[in-house]
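# Summary of structural features
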Amino acid sequence: MVHKNKILLFAAIFFSFAFTNCTKKDAQNPNVKAKQSIPQRIVSLSPASTEILFAVGAENQIVAVSDFSDYPPQAQNLPKVGGFDGKTLSLEKILSFNPDFVYLTNVMHNHLIPHFESLNIDYYLSDANSFEQVKNEILQIAKITGHPSNGENLVKEIDSAINKINSQNQLLQKPTVYWEVWNSPFMSVGNSSFINDLINTAGGINIFQEIAQAYPTVSEETIVAKNPQIIIIPQNSGITVDSVKNRKGWSQIDAVKNDKIFIVDDNLLTRSGARIGESAEYLANLFR
């Protein structure tokens with residue numbers, strides 16, 4: 001059961017953030033709808049959404065968040081409406097906070113949309129799978145919540161971090177990277193995932209970038225054969241560096257030979273939200 005809960009949490013984190021039907025049409029994205037008035041009672045249903053709201057200065061407009069919303073620390077003190085997974089959320093609990101705006105995530109929360117539409121409650125359905133999409137989302141949420149300049153400043157900070165990485169990586173050879181989402185079965189990241197874009201932005205090459213699926217199941221033999229120079233393991237998986245080294249056949253992998261196995265804070269690195277600049281810088285330092 002513990003493993004099942006963890007894999008659901010990883011899936012929830014990775015199925016991040018497309019703007020659908022949030023009453024005014026947005027010129028940049030016709031699927032976003034929002035009233036002319038600025039929302040004052042926001043419910044955020046994902047950790048990344050909560051981080052964006054805080055980062056653009058909308059924290060005083062939040063009335064409740066999901067259970068996994070743990071950053072910034074102030075978010076932990078807000079009332080909770082349930083887990084990130086749509087099946088663990090209670091519509092009645094959400095409505096008890098009398099929201100005028102709900103921040104949703106694609107795939108996880110689509111089943112709630114008809115209820116909010118029938119009640120004339122605005123919402124934003126997030127689905128950002130690249131750095132550019134995250135930055136666009138930040139700008140739109142900042143505008144919707146009445147903090148456009150904060151959103152613009154945050155995007156500038158993200159761009160500055162990326163430019164710094166690019167300037168430092170010009171003379172470096174890009175390392176090949178295996179990112180382990182899960183290990184039973186083995187799951188990694190494909191071309192359409194946010195993590196793939198994170199790896200590229202940080203100066204690495206995802207060994208499974210040729211796979212279109214966002215989070216594919218892969219064979220252990222293929223991982224070994226691709227011989228990654230860097231191995232990234234999420235901290236919440238419970239896997240240790242030694243346990244990776246002791247996997248049968250993995251001793252021949254360059255990352256194992258050269259002690260380039262890194263256990264990382266997946267809350268920082270897998271959330272496609274306000275800290276993506278920091279995430280890219282952190283990962284870039286591991287790649288050097």
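Residues numbered from 1 in each chain as written. Predicted model: local features only at pLDDT ≥ 70, side-chain atom pairs only at ≥ 80, totals over all residues. Heavy atoms only, no water.

### A closer look at the confidence of the model for the protein chain
Here the protein chain averages 88 in pLDDT, and 87% of its residues register 70 or above. Below pLDDT 50 for its whole length, residues 1–31 participates in 90 contacts with residues either more than four positions away or in separate chains. (pLDDT = per-residue confidence, 0-100. Contact = heavy atoms within 4.5 Å.)

### A look at the packing of aromatic side chains
One pass over the structure, following the stated rule, counts six aromatic pairs. Look at Tyr103 and Tyr124: their rings are 5.5 Å apart centre to centre, the planes differ by 75 degrees, and that puts the pair in the edge-to-face class. Linking Tyr103 in strand β5 (residues 101–105) with Tyr124 in strand β6 (residues 122–126), this pair joins segments that are 21 residues apart in sequence. Under the relative-accessibility criterion, Tyr103 is labelled buried at 0%. Pairwise contacts between aromatic rings join Tyr178, Phe186, Phe208 and Trp250 into one cluster. The positively charged end of Arg247 is found above the aromatic ring belonging to Trp250, 4.6 Å away from the centroid. Note that Arg275 overlies the ring of Tyr71, its terminal NZ or CZ placed 3.7 Å from the centroid. (Phe/Tyr/Trp six-rings, centres within 6.5 Å; stacked < 30°, edge-to-face > 60°. Helix = DSSP H or I, 4+ residues; strand = E, 2+ residues; numbered from the N terminus. Buried < 20%, exposed > 50% of the residue type's maximum accessible area, 1.4 Å probe, protein only. Lys NZ or Arg CZ within 6 Å of the ring centre and 35° of its normal.)

### Considering the environment of Ala64
For Ala64, the position within the fold is in strand β4 (residues 62–65). By relative accessible area, Ala64 is classed as buried at 0%. As for Ala64 and Arg41, which are separated by 23 residues in sequence, their C-alpha atoms are 8.5 Å apart.

### Re the sheet that holds β5
Pairing in this open sheet of four strands is parallel, and the strands run β4-β3-β5-β6 from one edge to the other. Lying at the two open borders of the sheet, with one neighbouring strand each, are β4 and β6. Ignoring which end each strand starts from, the neighbouring axes of this sheet average 20 degrees apart. Relative to β5, strand β3 (residues 42–44) runs parallel, the two being bridged by three bridges. In the sheet register, Ile42 faces β5, and the bridge partner there is Phe101. (Pairing = 2+ DSSP bridges. Axes fitted to C-alpha atoms, helices over the stretch in contact; angles between N-to-C directions.)

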